Amino acid sequence: MMPATFKLCAAISYRHLRNMTGLRRQAAVALSQELSKLACRSAGPSTWINQVRRRSSLLSSRLEEKPFSEMEMAYIKQGEEALQKSLSILEDQDGWKTETVVGNGDKVLSKVLPDVGKVFRLEVVVDQPLDTVYSELVDNMEQMGDWNPNVEEVKILQKIGKDTVITHEKAAATPGNIVGPRDFVSVRCSKRRGSTCVLAGMATKYGAMPEQEGFVRAENGPTCMILRPLAGCPSQTKLTWLLSIDLKGWLPKAIINQVLSQTQVDFANHLRERLARTVAVNC
C-alpha cells in the first residue's frame, strides 16, 4: 500500500508536470518515475524519504542552472586564452633582462616579444600564506584602491560563473602627471591548481562601459599573477606578476619602461603593508 505522504508527493509531481516544458518536463518525468519505482518496492518510510530528498535536491539544482549566453562564453574563452598565453610567456626562461633589483630581494625582469611588445616580470616573496594573499587579490579586488595609490578604483562589472569577471579599473595619474589618468576594461579569470593559483586577464570590450571622459582607455594583457607557497616555508607566498600594458597616447618608451617597472615594485610594497594591517586587525 502506498503511504499517504508518498501519494501526496506523487500527486504534486504529476500536477506540476502538466505546467512544465522542455528539459524541466523531462527532469520532472524522471523524478516521477523514480517515485513510482520506490512505491512498488514498498520500501520503509525512512528509505524512500531520503532517496526522494536526494533526487529532489539534484533536480532543483539542475533546474536552477543557467546556461551561459554566447557573449558570456566568449568572455570565458578570452579569459582562458589570457591565462594560457601568460603561462607560456612565463615558462620561457630565455631572453629575460634585469630591470630592477631591490634590497629585500624583489626584482623586475623584462623581455620583448614580437607579437606583444615589452613585458615585465615581478618576482617577490610575501610573508603571508597563499590563502591570505589570494583573498586580498581576488575576493577583495574592489578594495585595491584603498591601499594601492596607483589605483583609483576597481569595479566588477559582471561575474560569469565562478572563475570569470569583467572589471573596470581606473589608474591614478603618476606624480607630476607624467602619465595622465588611464582606465582599463578587462576580462579576468582565476584558477587554482593544487597549491598554485593563477590570476590572468587581458583587455576586452564591454558595451556598458564606453570610454570615460578624462581617461585614456589603455589596454593590458596578456597579464597574470601566479601564487605559490614558498618552498620549505608554506607560511610565505612566492608571487610572480607578468605585466603587459599598452598605455596608448604619445609617450616615450623610456618613460613607459620606467613607470611600469616602478609600478610593480610599488605594488609589492603596498601589498605587504596592506596584508600586515589586515592580519594585525584580525589578531
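Residues numbered from 1 in each chain as written. Predicted model: local features only at pLDDT ≥ 70, side-chain atom pairs only at ≥ 80, totals over all residues. Heavy atoms only, no water.

Looking at an unreviewed UniProt entry, one finds the chain named Steroidogenic acute regulatory protein, mitochondrial and attributed to Atlantisia rogersi. Under the Function (unreviewed entry) heading, UniProt states for the chain: "Plays a key role in steroid hormone synthesis by enhancing the metabolism of cholesterol into pregnenolone. Mediates the transfer of cholesterol from the outer mitochondrial membrane to the inner mitochondrial membrane where it is cleaved to pregnenolone." In its Pathway (unreviewed entry) section, UniProt records this for the chain: "Steroid metabolism; cholesterol metabolism." (UniProt positions renumbered as here; feature names shortened; annotations may be inferred.)

**Q** Would you mind going over the packing of aromatic side chains with me for this structure?
**A** Two descriptors summarise a pair of aromatic rings, namely the distance from one centre to the other and the angle between the planes of the rings. On inspection of all chains with the given rule, the structure shows three aromatic pairs. One residue, R121, lies across the ring of W96, its end atom 5.2 Å from the ring centre. (Phe/Tyr/Trp six-rings, centres within 6.5 Å; stacked < 30°, edge-to-face > 60°. Lys NZ or Arg CZ within 6 Å of the ring centre and 35° of its normal.)

**Q** I tried to follow the confidence of the model for the chain on my own but got confused; where do I start?
**A** Caution applies to low-pLDDT parts of the model: their predicted coordinates are not meant to be read in detail. Here the chain shows a mean pLDDT of 82. Residues at 70 or above account for 76%. Mean pLDDT values over the elements of the chain span from 42, in helix α1 (residues 4–17), up to 97, in strand β5 (residues 164–171). Counting interchain partners and residues more than four positions distant, the pLDDT-below-50 stretch residues 1–21 has 22 contacts. Long-range and interchain partners of residues 38–64, a stretch whose pLDDT sits below 50, account for 20 contacts in this model, where long-range means more than four residues apart. (pLDDT = per-residue confidence, 0-100. Helix = DSSP H or I, 4+ residues; strand = E, 2+ residues; numbered from the N terminus. Contact = heavy atoms within 4.5 Å.)

**Q** Explain the pattern of salt bridges to me, please; I cannot follow it from the model alone.
**A** Where side chains of opposite charge bring their charged atoms close, a pairing between them can arise. Enumeration over the complete set of coordinates arrives at 15 salt bridges. Between E99 and K118 there is a salt bridge whose closest N-O contact spans 3.0 Å. Taken together, the residues E99 in strand β1 (residues 97–101) and K118 in strand β3 (residues 117–126) connect sequence positions 19 residues apart. Using a relative accessible area of 32% as the deciding quantity, one classes E99 as partly exposed. Look at K118 and you get partly exposed, because its relative accessible area is 29%. (Salt bridge = Lys/Arg side-chain N within 4 Å of Asp/Glu carboxyl O. Buried < 20%, exposed > 50% of the residue type's maximum accessible area, 1.4 Å probe, protein only.)

**Q** Please explain the side chain of Q264 as it appears in this structure.
**A** Tracing the backbone shows Q264 in helix α7 (residues 253–282). Take Q264: its relative accessible area is 0%, and that puts it in the buried class. Leave out the neighbours within four places in its chain, and Q264 touches V108, F120, R121, L122, W241 and L243.

**Q** Is there a simple way to think about the layout of surface pockets in this case?
**A** Gaps left between atoms show up when a probe the size of a water molecule is rolled over them. The computed volume of the largest pocket comes to approximately 930 Å³. Around the largest pocket, the lining is made up of 46 residues, and of these M144, E169, R188, N220 and W241 lie nearest the centre. When residues of the lining of the largest pocket are traced back to their parent elements, those giving at least two are α5 (130–139), β4 (151–160), β5, β6 (182–193), β7 (196–203), β10 (223–230), β11 (233–243) and α7. Looking at which element gives the most residues to the lining of the largest pocket, the answer is β6, with six residues. For the lining of the largest pocket, a count of residues per class yields 28 nonpolar, twelve polar and six charged. Empty space within the second largest pocket amounts to approximately 370 Å³. (1 Å grid on protein atoms, 1.4 Å probe; cavity = no way out; pocket = protein on both sides within 12 Å on 5 of 7 lines; lining within 4 Å. Points joined across faces, edges and corners; volume = space filled by probe spheres on them. Nonpolar A, V, L, I, M, F, W, Y, C, P; charged D, E, K, R; others polar.)

**Q** Sorry, what's going on with the packing of α5 against α7 here?
**A** Where α5 contacts α7, the two axes come as close as 11 Å, and the packing angle between them is 110°. Looking at the two axes, α5 sits roughly perpendicular to α7. Mapping the contact onto sequence places T132, V133, E136 and L137 in α5 and F267, L271, R274, L275 and T278 in α7. Of the residues in the contact of α5 with α7, the class split is five nonpolar, two polar and two charged. (Axes fitted to C-alpha atoms, helices over the stretch in contact; angles between N-to-C directions. Parallel < 35°, antiparallel > 145°, perpendicular 65-115°, else oblique.)

**Q** Any chance you could explain the nonpolar core here in plain terms?
**A** Judged by nonpolar contacts, the single largest core of 37 residues is most densely connected at L122, V133, L137, L227, L239, F267 and L271. Per element, the largest residue contribution to this core is eight residues, and it comes from α7. Contacts of F267, omitting those with residues within four sequence positions, involve L122, L137, W147, N148, M225 and W241. (Core = buried A, V, L, I, M, F, W, Y, C linked by side-chain atoms within 4.5 Å.)

**Q** Help me understand the state of the cysteines, please; the structure alone is not making it clear to me.
**A** Summed over all chains, the structure comprises zero disulfides. In this structure C189 is not part of a disulfide, and its nearest cysteine sulfur, from C224, lies 9.3 Å away. We classify C224 as buried; its relative accessible area is 2%. (Disulfide = S-S within 2.5 Å.)

**Q** Sorry if this is basic, but what is going on with unusual backbone geometry here?
**A** Most peptide bonds take the trans form, and the phi angle of most residues other than glycine is negative. Here G221 and P222 are connected by a cis peptide whose omega angle stands at -5°. Among the structural elements, P222 can be located in the loop between β9 (219–220) and β10. With phi around 60°, K248 is a residue other than glycine that occupies positive phi space. In this fold, K248 is placed in the loop between β12 (245–246) and α7.

**Q** Any chance you could explain the pairing of β7 here in plain terms?
**A** Note on strand geometry: in a regular strand, side chains alternate between the two faces of the sheet. Burial runs high along β7: seven of the eight residues are buried. Both β6 and β7 contribute to a ladder of eight bridges, which runs antiparallel. Considered in β7, the bridge of V187 is made with M202. Counting the residues that bridge the hairpin from β6 to β7 gives two residues, and of these G194 lies at a positive phi of roughly 65°. Judged from the five bridges that link them, β7 and β10 form a sheet pairing that is antiparallel. Note on β10: the bridge partner recorded for A200 is C224. (Pairing = 2+ DSSP bridges.)

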